[in-house]
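What follows is the residue order along each chain.
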Amino acid sequence: MALLSKKDTNLILDPLADNNPITIQVLGICSALAITAELQASCVMAVSVIFVMGLGNIVISLMRNVIPSKIRIIAQLIVVATLVIVVDQVLKAFAYELSKTLSVFVGLIITNCIIMGRFEAFALGNGVWRSFLDGIGNALGYGVILIIIGFFRELLGSGTLFGFPVLGDPIAKTGLYAFGYENNGFMIIPPAALIVVGVLIWVQRSRNPALIEEA
Amino acid sequence: MLEHLELFFKSIFIDNMVFAVFLGMCSYLAVSKKVATAVGLGAAVIFVLAVTVPLNWLLDQYLLRDGALAWLGPEYADYNLGFLSFILFIATIATMVQLVEIVVEKFSPSLYNSLGIFLPLIAVNCAILGGSLFMQARDIPTLGLALNYGISSGIGWFLAILAIAAIREKIRYSNVPAPLRGLGITFIITGLMGIGFQSFGGMLTGDNEPPEDGTPATTADKTEEKLLIKEEIEEDEKVVSYNEVIHK
């Protein structure tokens, strides 16, 4: 690790587990949950957020000494909005069907609290390289949770992964379905995502009791 | 009139900001520990949505959508500035929030003291931007309906945060498994409430069609629906007042 000092490595690794933006910091839940019914949409969302966060943190970190603190929120919003427009146009050009599925949720990356939260908490007070790593780390932590949720919801809800049937054919009754297995339609509806996140938090905090909240 | 009523109930119950599309979850989770603060934030959200959605509707109608610039003259008729909508919407919202903050501070210090601390938070509340983006995505046809949509989705958000705050105040006395305490159980409760709200789904369409492309029903159906709506609301009001009683 010649490129990354130990401190820098922690910037990337911490948000993946013990300081995860979704399960610990409670940021960025807004635009995430509704699109996790399919693994593919989750992955695209994760990649988009990694792109926006990495570049956004760089830009904000570069401008941190020239933004007057009174209007910094508007300045930050404009930077994010510009990056999100890029993502949106790329998606519309190269993955039109997918951009229809994600609909307004691409736009809602703008108000994703992770992005504003990391701008405020980190990029406004740190150098460019460290801000970039922090952005990538947090976006990865967000992406990991998104992909885990997407994995379970698509597997249990539709019996597919990335749209490919992995548990057999539910109509022809092959694979698992031959033994009377049924898809759990409950996993497809939006509220299931919340329950999956709740269970994830439960598992994580059981494994690491230091994270348990005082009631 | 009927379409106003339909949109009103649809945005409160069926397409509820929190339970159906997960908007504004961050502040929903962060500010729902006490009923009093939840009410303050909820009121501020209704207010800001009621201002920004109609404003962004005007922007969308006369500036952004395909051919919207035709009023400038025929040579502008084939411009489509749709790609700019994110940046314009968010700029409108941030400016309006700042403006509202200044005006409220000037003219009603007491309201400012109760709403004031929440107003800056609201600029980055996804429910606000979400309101404008859904307004655009669903092609709300008139300014009146846009205003209606802003207010009613605000009320939906308000109801959601009021309910969860009341539950969280009570749940402190329950013996929740330690790792689930705080955040975990809040997620699961919200999920369960969401499932409850899903049952409003068939309310306006009268069948299992997804609410977005609900076809206009016949008049006979509509009277039935109205009765249904009435019943549902009465029930919901009971739940809310029940929560308030518990709170007291």
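Reading guide: rules and limits
- Residues numbered from 1 in each chain as written.
- Chains lettered and ligands numbered in written order.
- Predicted model: local features only at pLDDT ≥ 70, side-chain atom pairs only at ≥ 80, totals over all residues.
- Heavy atoms only, no water.
- Helix = DSSP H or I, 4+ residues; strand = E, 2+ residues; numbered from the N terminus.
- Contact = heavy atoms within 4.5 Å.
- Areas by Shrake-Rupley, 256 points an atom, 1.4 Å probe, with all protein chains shown as cover.
- Buried < 20%, exposed > 50% of the residue type's maximum accessible area, 1.4 Å probe, protein only.
- Axes fitted to C-alpha atoms, helices over the stretch in contact; angles between N-to-C directions.
- Parallel < 35°, antiparallel > 145°, perpendicular 65-115°, else oblique.
- Left-handed = near helix turned anticlockwise from the far one by under 90°.
- Arc of directions from axis to C-beta.
- Core = buried A, V, L, I, M, F, W, Y, C linked by side-chain atoms within 4.5 Å.
- Phe/Tyr/Trp six-rings, centres within 6.5 Å; stacked < 30°, edge-to-face > 60°.
- Salt bridge = Lys/Arg side-chain N within 4 Å of Asp/Glu carboxyl O.
- Polar contact = N/O pair within 3.5 Å; in protein donor to acceptor, adjacent residues only side chain to side chain.
- Nonpolar A, V, L, I, M, F, W, Y, C, P; charged D, E, K, R; others polar.
- pLDDT = per-residue confidence, 0-100.
- Expected span 1.5 Å × (residues − 1).
- Patch = residues over 30% accessible without salt bridge, like charges linked within 9 Å, V, L, I, M, F, W, Y side chains within 5 Å.

## What to know about the overall build of chain B
So, step 1. From N to C terminus, chain B includes 11 helices and 0 strands.
So, step 2. Each helix and strand of chain B, placed in order from N terminus to C terminus, yields the pattern α-α-α-α-α-α-α-α-α-α-α.
So, step 3. Sequence separation of at least 24 residues holds for 77% of the intrachain contacts in chain B that already meet a minimum separation of 6.
So, step 4. For chain B, the exposed area adds up to about 11,700 Å²; of that, 64% sits on carbon and sulfur atoms.

## Looking at the overall build of chain A
So, step 1. Broken down by element type, chain A carries 8 helices and 2 strands.
So, step 2. Scored against the burial criterion, the 215 residues of chain A give a buried share of 50%.
So, step 3. Taking all contacts inside chain A whose residues are at least 6 apart in sequence as the whole, residues at least 24 apart take part in 74%.
So, step 4. Here chain A has roughly 9,700 Å² of accessible surface; of this, 68% comes from carbon and sulfur atoms.

## Considering the packing of helix H3 (residues 72-94) of chain A against helix H6 (residues 113-123) of chain A
The geometry of a pair of packed helices is captured by two quantities: the angle between their axes and the separation between those axes.
Residue and element names in this part refer to chain A.
So, step 1. Contact pair H3 / H6: the axes reach a minimum separation of 11 Å and the direction vectors enclose 130 degrees. In terms of orientation, H3 and H6 fall into the oblique class. Helix-helix and strand crossings are classified by hand; for H3 and H6 the assignment is right-handed. Along the contact surface, H3 presents Arg72, Ile73, Gln76, Leu77 and Val80, while H6 presents Ile115, Met116, Phe119 and Glu120.

## Remarks on helix H1 (residues 6-13) of chain A
All names here are of chain A.
So, step 1. Of all the residues in H1, the buried ones are Asp8, Thr9, Leu11 and Ile12. The arc that holds every buried residue of H1, seen down its axis, measures 150 degrees, which confines them to one face. What points out from H1, more than 90 degrees from its buried face, is the exposed set Lys6 and Lys7.
So, step 2. Of the surrounding secondary structure, the elements contacted by the buried residues of H1 are H6 and helix H7 (128-158).

## Let's talk about the nonpolar core
So, step 1. Formed by 119 residues in total, the largest nonpolar core has its most connected members in Leu23, Tyr28, Ile122 and Trp157 of chain B.
So, step 2. Looking at which element gives the most residues to this core, the answer is helix H8 (residues 143-171) of chain B, with 12 residues.
So, step 3. If we ignore the near neighbours within four places in the chain, the residues touching leucine 23 of chain B are Phe105 and Leu108 of chain A together with Met17, Val18, Cys126, Ala127, Gly130, Phe134 and Trp157 of chain B.

## Here we look at the packing of aromatic side chains
So, step 1. Taken as a whole and assessed by the stated rule, the structure comprises 7 aromatic pairs over all chains.
So, step 2. Ring plane angle 25 degrees and centroid distance 5.9 Å describe the contact between tryptophan 129 of chain A and phenylalanine 132 of chain A, whose orientation is recorded as stacked. A residue pair is termed a helical-turn pair when its members lie 3 or 4 positions apart in one helix, as tryptophan 129 of chain A and phenylalanine 132 of chain A do in helix H7 at 3 residues.
So, step 3. Connected via pairs of aromatic rings, a cluster forms that spans Phe13, Phe19, Phe197 and Phe200 of chain B.

## Here we look at the interface of chain A and chain B
So, step 1. Opposite the 43 residues of chain A that make contact, chain B presents 42 residues.
So, step 2. Across the contact surface, chain A and chain B share 0 salt bridges.
So, step 3. Joining chain A to chain B, the criterion identifies 0 residue pairs in polar contact (both at pLDDT 80 or more).
So, step 4. Elements represented by at least two residues in the side of chain A that touches chain B include exactly H3, helix H5 (104-107), H6 and helix H8 (191-207) of chain A.
So, step 5. Of the residues contributing to the side of chain A that touches chain B, the split by class is 32 nonpolar, 8 polar and 3 charged.

## Some points on the confidence of the model for chain A
So, step 1. Summing up the model confidence of chain A, the mean pLDDT is 81 and the portion of residues at 70 or higher is 95%.
So, step 2. Confidence, read as mean pLDDT per element, is least for H1 of chain A in chain A (74) and greatest for helix H2 (residues 39-63) of chain A (88).

## Thoughts on helix H7 (residues 126-137) of chain B
Residue and element names in this part refer to chain B.
So, step 1. Taking 1.5 Å as the rise per residue, H7 with 12 residues should run 16 Å; its terminal C-alpha atoms sit 15 Å apart, in good agreement.
So, step 2. In terms of burial, H7 is a largely internal element, 11 of the 12 residues being buried.
So, step 3. Restricting attention to buried positions, one finds in H7 the residues Cys126, Ala127, Ile128, Leu129, Gly130, Gly131, Ser132, Leu133, Phe134, Met135 and Gln136.

## Section: the pattern of salt bridges
Residues and elements named next belong to chain A.
So, step 1. Under the criterion given, the structure shown has 3 salt bridges over all chains.
So, step 2. We note a salt bridge from lysine 92 to aspartate 88, for which the minimum N-O separation is 3.3 Å. Here lysine 92 pairs with aspartate 88, and both are found in helix H3, just 4 residues apart, close to one helical turn.
So, step 3. Residue classification places aspartate 88 among the buried positions, given a relative accessible area of 9%.
So, step 4. Among the salt bridges present, the one from aspartate 134 reaches arginine 118, with a minimum N-O distance of 3.1 Å. Here aspartate 134, found in helix H7, pairs with arginine 118, found in helix H6; they are 16 residues apart in sequence, far enough to count as distant. Both residues of the pair, aspartate 134 and arginine 118, belong to the buried class.

## Describing a nonpolar patch on the surface
Residue and element names in this part refer to chain B.
So, step 1. Among the surface-exposed residues, Leu55, Leu58, Tyr62, Trp71, Leu72, Tyr76, Tyr79 and Leu143 lie close enough to one another that they form a single nonpolar patch of about 770 Å² accessible area.
So, step 2. For the nonpolar patch, the leading source of residues is helix H3 (residues 35-64), giving 3 residues.
So, step 3. Structurally, tyrosine 62 is set in helix H3.
So, step 4. Residue classification places tyrosine 62 among the partly exposed residues on the basis of a relative accessible area of 44%.

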